[in-house]
Amino acid sequence: KEYELGTSDEFWMKHKGSPFPQVAEAIQESIEEIKSKQEDIQKMKSDLGLAGDAEAESALSSLSLTDNTAKLTSTMTDLPKLLEKKKFIDMHTSLASSILDYIKKRRLDVFFELEEKIMSASNLDKSIMEMINDPETGTPDDKLRLFLIYYLCTDNCTDAEFDQYSQSLEEAGCDLSALTYLKRWKSYSMIERKNFDFNQGQGMTTTKSVSMFSKLMEKSSNFVMEGVKNLVVKKHDLPITKIVDDIVEQKTGKYNDDYKYLDPKILRGGDNMPRMKTTFNDAIVFVVGGGNYIEYQNLTDYVKAKNTGSTLTAKRVVYGCTQISSADQFLLELKRLGSEM
């Protein structure tokens, strides 16, 4: 089944960049709001004598014409909007239910939690090997992605451990071409991964822990949450957002100094061109190669966090890239690079 999401859908426009648990909670709140308004309309019908019973006729006889007219006018005004909202919420409920089924089927909540803990160097409550060897958990690509993240974020993986993980991944049905490429890339790369500390949020000023799914688990919900973990995740700036923040805020340090500074007002200066001390409000960020919606949304959230004061200092960031890559497309590119080695 296909749905068309557009600008006429207020729910989509408001939540299109929100994580799934927040979307599910917002849907549940909208469903409860619509249900409450439907009950109000039903009660009003009874009060106006439209229900057809003796009690309704008695209530009608005690109402004035002015009361009737005001209530009918209000209902006629609100009902089309309510029906339109219900149509969109029913659509989003269907979409969210399908997504939730995939989360349960592939145990994506468990993968997500482990990946967050790996990137923040936290203790894991379940081993990587256990996830790889569990036939009921995830697809081969899910398991491969998990290990790739672990491998890139740790410096403690010995050759013997690497071979053991590779064997388990191969037995789980994974194509190891991507791993072959990343192993070569990691051995040559000069990138200091520790510079990109996921525990430090600059643009958002603080790292926030957010409890996911908790509201849906605490009360009756249209979504069956059984078997889904109540996740506590951290909101943080991605590396590209930290780079943008350093440059636009003219911070001295590890990111800003690595980028070429050009000023069209200064004809000569070379490598020692004097920098402006004022901050920038506009930035164009272009990734040569694959970009993704996660980076775009992280920059959007950064701008929102910054733009809480005067409009004179409001930040505007445009994000572009050679191509937008989904998780599967990016993994396919890594496999292709690995197979060509």
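The structure under discussion appears in the preceding block.
Residues numbered from 1 in each chain as written. Predicted model: local features only at pLDDT ≥ 70, side-chain atom pairs only at ≥ 80, totals over all residues. Heavy atoms only, no water.

## Re the pairing of strand β4 (residues 316-324)
Regular strands show a simple pattern: their side chains alternate between the two faces of the sheet. Heads up, the rule is: Strands qualify as paired when DSSP identifies two bridges or more between them. Strands here are runs of E lasting at least two residues and helices are runs of H or I lasting at least four, both read from the DSSP assignment and numbered beginning at the N terminus. For the handedness criterion, the strands are oriented away from the viewer, and a crossover whose path from the first strand over the helix to the second runs clockwise is classed as right-handed.
Both strand β3 (residues 282-291) and β4 contribute to a ladder of eight bridges, which runs parallel. Considered in β4, the bridge of Asp282 is made with Arg316. With respect to chirality, the unit in which β3 leads through helix α12 (residues 293-306) into the neighbouring parallel β4 is right-handed.

## Quick word on helix α13 (residues 327-339)
Stated precisely, the cut-off is as follows: By this rule the span expected of a helix is its residue count minus one, scaled by 1.5 Å. Each residue's exposure class comes from its accessible area (1.4 Å probe, protein chains only) as a fraction of the maximum for that residue type: buried when under 20%, exposed when over 50%, partly exposed otherwise. Note that the arc is defined by the directions from the helix axis to the C-beta atoms. Here a residue-residue contact requires only that any non-hydrogen atoms of the pair lie within 4.5 Å.
With 13 residues, α13 extends 18 Å between its outermost C-alpha atoms, agreeing within 8% with the 18 Å of an ideal straight helix rising 1.5 Å per residue. Within the sequence span of α13, burial applies to Leu331, Leu334, Lys335 and Gly338. Buried residues in α13, looked at end-on, bunch into an arc of 100 degrees, giving them a common side. In this structure, the buried side of α13 is in contact with α7 (140-153) and α9 (177-188).

## Re the packing of α7 against helix α8 (residues 159-171)
Just so we agree on the cut-off: To get an axis, a line is fitted to the C-alpha atoms, and for a helix only the part in contact is used. The angle between two axes follows their N-to-C directions and goes from 0 to 180 degrees. Angle categories: roughly parallel below 35 degrees, roughly antiparallel above 145, roughly perpendicular from 65 to 115, and oblique for all the rest. Helix crossings get a hand from a simple test, with the near helix turned counterclockwise from the far one by less than a right angle marking a left-handed crossing and a clockwise turn marking a right-handed one. In the scheme used here, Gly and all other residues not listed as nonpolar or charged are polar, with Ala, Val, Leu, Ile, Met, Phe, Trp, Tyr, Cys and Pro taken as nonpolar and Asp, Glu, Lys and Arg as charged.
Their axes nearest at 11 Å, the elements α7 and α8 cross at an angle of 165 degrees. In terms of orientation, α7 lies roughly antiparallel with respect to α8. Crossing handedness for the pair α7 and α8: left-handed. Contacts between α7 and α8 involve Lys143, Leu144, Phe147, Tyr150 and Tyr151 from the former and Phe162, Tyr165 and Leu169 from the latter. Grouping the constituent residues of the contact of α7 with α8 by class yields seven nonpolar, no polar and one charged.

## A short note on the pattern of salt bridges
Side chains that differ in charge, positive against negative, can pair when their charged atoms come close. The following threshold applies: We define a salt bridge as a side-chain nitrogen of Lys or Arg found within 4 Å of a carboxyl oxygen belonging to Asp or Glu.
With the rule as written, the count across this model stands at 15 salt bridges. We note a salt bridge from Lys87 to Glu84, for which the minimum N-O separation is 3.6 Å. Residue Lys87 and its partner Glu84 are both found in helix α4 (residues 65-106); the two are separated by three residues, about one turn of the helix. We classify Lys87 as partly exposed; its relative accessible area is 47%.

## Comments concerning the environment of Gly290
Following the sequence through the fold, Gly290 ends up in strand β3. Relative accessible area serves as the criterion here: at 43%, Gly290 is assigned to the partly exposed category. Taking the C-alpha atoms as reference points, Gly290 and Gln323, 33 residues apart in sequence, are found 5.0 Å from one another. The contacts of Gly290, once residues within four sequence positions are left out, are Gln323 and Ser325.

## A look at the packing of aromatic side chains
Rules: Planes of paired rings set the category: under 30 degrees apart is stacked, over 60 is edge-to-face and the rest tilted, where pairs are Phe, Tyr or Trp rings (Trp by its six-membered ring) whose centres lie within 6.5 Å. Counting as a charge over the ring demands two things of the Lys NZ or Arg CZ atom: a distance within 6 Å of the ring centre and an angle within 35 degrees of the ring normal.
Following the criterion strictly, the structure yields seven aromatic pairs and no others. For the pair Tyr296 and Tyr319, a centre-to-centre distance of 6.4 Å together with 50 degrees between the ring planes defines the contact as tilted. Here Tyr296, found in helix α12, pairs with Tyr319, found in strand β4; they are 23 residues apart in sequence, far enough to count as distant. Classification of Tyr296 by relative accessible area gives partly exposed; the value is 40%. By relative accessible area, which is 15% here, Tyr319 ends up buried. Clustering of aromatic rings is evident, with ring pairs tying together Phe147, Tyr150, Tyr151, Phe162 and Tyr165. Lys87 extends its terminal NZ or CZ atom over the ring of Phe88, reaching a point 5.0 Å from the ring centre.

## Comments concerning unusual backbone geometry
Positioned with a positive phi, Ala121 is a non-glycine residue whose angle comes to about 60 degrees. The residue Ala121 is located in the loop between α5 (108-119) and α6 (128-133) in this model.

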